[in-house]
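Listed below, chain by chain, are the residues.
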Amino acid sequence: VLTYFALTFAISWGGVLLVIGGPGGIPANTELLELLLPFVVLALTIGPSVAGILLTGLVDGGPGLREFLARLRRWRVDARWYAVALLTPPLLATATLFALALTSPVFLPGIFASDNKASLLLSGIMAGLVGGLFEEPGWTGFAVPKLRQRSGVFTTGLIVGLLWGAWHFIVAFWGSGTASGAFSPLLFLPQFLFYVTVLPAYRVLMVWVYDCTGSLLMAMLMHASLTASVIFIFMPLAISEVPLLTWYLVLAATLWVVVAAVELAKITA
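Notes on the structure in this doc start here. (Residues numbered from 1 in each chain as written. Predicted model: local features only at pLDDT ≥ 70, side-chain atom pairs only at ≥ 80, totals over all residues. Heavy atoms only, no water.)

**Examining helix 2 (residues 30-72)**
With 43 residues, helix 2 should cover 63 Å at 1.5 Å per step; its first-to-last C-alpha distance of 38 Å lies more than 12% under that length. The principal kink in helix 2, of about 130 degrees, is found at Asp60, preceding the proline Pro63 by one to four residues. The N-terminus of helix 2 is capped by Asn29, whose side-chain oxygen sits 3.2 Å from the backbone nitrogen of Glu31. (Helix = DSSP H or I, 4+ residues; strand = E, 2+ residues; numbered from the N terminus. Expected span 1.5 Å × (residues − 1). Bend = angle between axes of the 7 residues up to and from the residue. Polar contact = N/O pair within 3.5 Å; in protein donor to acceptor, adjacent residues only side chain to side chain.)

**What about the environment of Gly62?**
In this structure, Gly62 sits in helix 2. Relative accessible area serves as the criterion here: at 34%, Gly62 is assigned to the partly exposed category. In sequence terms Gly62 and Leu37 are 25 residues apart; their C-alpha atoms lie 36 Å from each other. (Buried < 20%, exposed > 50% of the residue type's maximum accessible area, 1.4 Å probe, protein only.)

**A word on the layout of surface pockets**
Estimated volume of the largest pocket: approximately 1400 Å³. If you trace the largest pocket, you find 40 residues lining it, with Leu37, Gln191, Tyr195, Ile231 and Phe232 closest to the centre. Residue assignment for the lining of the largest pocket shows that the elements contributing at least two residues are helix 2, helix 5 (117-148), helix 7 (169-174), helix 8 (185-213), helix 9 (216-233) and helix 10 (241-268). It is helix 2 that contributes the most residues to the lining of the largest pocket, nine residues altogether. Partitioning the lining of the largest pocket into residue classes produces 27 nonpolar, 10 polar and three charged. The computed volume of the second largest pocket comes to approximately 240 Å³. (1 Å grid on protein atoms, 1.4 Å probe; cavity = no way out; pocket = protein on both sides within 12 Å on 5 of 7 lines; lining within 4 Å. Points joined across faces, edges and corners; volume = space filled by probe spheres on them. Nonpolar A, V, L, I, M, F, W, Y, C, P; charged D, E, K, R; others polar.)

**Side note on the packing of helix 1 (residues 2-20) against helix 6 (residues 153-167)**
Axis separation between helix 1 and helix 6 bottoms out at 11 Å; the angle between their running directions is 20 degrees. Judged by the angle between their axes, helix 1 and helix 6 are roughly parallel. Between helix 1 and helix 6 the crossing geometry is right-handed. Here Phe5, Thr8, Phe9, Ser12 and Trp13 of helix 1 lie close against helix 6, whose contacting residues are Val160, Leu163, Ala166 and Trp167. The residue makeup of the contact of helix 1 with helix 6, split by class, is seven nonpolar, two polar and no charged. (Axes fitted to C-alpha atoms, helices over the stretch in contact; angles between N-to-C directions. Parallel < 35°, antiparallel > 145°, perpendicular 65-115°, else oblique. Left-handed = near helix turned anticlockwise from the far one by under 90°. Contact = heavy atoms within 4.5 Å.)

**As for the packing of aromatic side chains**
The relation between two aromatic rings is expressed through the spacing of the ring centres and the mutual angle of the planes. This model, assessed by the stated rule, comprises 18 aromatic pairs. Considering the side-chain rings of Tyr4 and Phe142, the 5.5 Å spacing of their centres and the 40 degrees angle between planes classify their relative orientation as tilted. You can see Tyr4 sitting in helix 1 and its partner Phe142 sitting in helix 5, a full 138 residues away along the chain. Judged by its relative accessible area of 0%, Tyr4 falls in the buried class. (Phe/Tyr/Trp six-rings, centres within 6.5 Å; stacked < 30°, edge-to-face > 60°.)

**Topic: empty space enclosed by the protein**
Under the counting rule described, the total for this entry stands at one cavity of 30 Å³ or more. Approximately 50 Å³ is the volume attributed to the largest cavity. Around the largest cavity, the lining residues are Thr88, Pro89, Leu92, Ala93, Val198, Tyr202, Leu226, Val230, Leu251 and Leu255. Among the secondary structure elements, those contributing two or more residues to the lining of the largest cavity are helix 3 (79-101), helix 8, helix 9 and helix 10. A per-element tally of the lining of the largest cavity places helix 3 first, with four residues. Considered class by class, the residues forming the lining of the largest cavity number nine nonpolar, one polar and no charged.

**Overview of helix 5**
Here helix 5 is 32 residues long, yet its end C-alpha atoms lie only 41 Å apart, well below the 46 Å a rise of 1.5 Å per residue gives. A maximum bend of about 55 degrees is found in helix 5 at Glu136, where proline Pro137 lies one to four positions downstream.

What follows is the structure in structure tokens.
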């Protein structure tokens with residue numbers, strides 16, 4: 001597992017540094033950010049899946065790869081798990097944003113304020129699919145099953161979630177530059193908060209769903225739904241800095257309440 005995380009960071013961060021021209025390219029100015037962002041995202045997202053599939057073959061051999069494909073093709077699960085995987089992020093995003101919108105219109109979900117709803121939906125769905133398809137063959141395909149052999153759902157989710165969040169840091173630093181390329185703490189802090197509070201809580205829920213279904217496909221859909229909903233479709237159009245930080249705090253708190261409810265339900269079941 002340690003080798004997996006080290007290899008994932010090496011591939012992803014190494015790829016990002018190649019794209020941006022080395023550490024001297026951090027942070028990027030606004031022009032470079034817009035130009036290189038698609039290539040940076042692609043370089044980052046290939047790391048988890050490449051490391052996961054490679055180590056599955058090296059550690060578990062042919063049987064491990066066949067079992068991996070079986071988990072990937074496992075789509076016959078109860079419909080309620082599809083509902084959990086696909087609807088949890090949009091429901092939590094809309095609930096928290098509408099509650100906050102009572103205090104300021106800046107929190108109005110983007111899909112309701114956008115003049116081009118079809119484009120926003122399409123870009124969100126595409127980005128979500130890229131994240132789910134490229135990342136989960138590693139996080140859930142390799143790391144989660146290995147950790148579950150000796151750790152519970154909560155511990156496994158917390159470990160993978162924290163490292164999942166830390167894995168994003170290079171892009172967070174790179175994307176926190178002003179128009180002149182100076183580092184902006186107010187641009188970085190909301191991203192940092194999202195990665196260290198929202199992602200670990202959500203990963204615990206992802207591990208729980210995977211544990212109940214044994215389906216790698218469910219993890220991919222759950223990841224895709226988070227990216228599509230929170231980062232694109234429901235993201236308020238003009239939100240940034242302190243308001244964005246506020247929303248992520250509320251979203252994180254809500255997610256941890258959901259995690260606590262799931263853990264309590266497992267105890268009392």
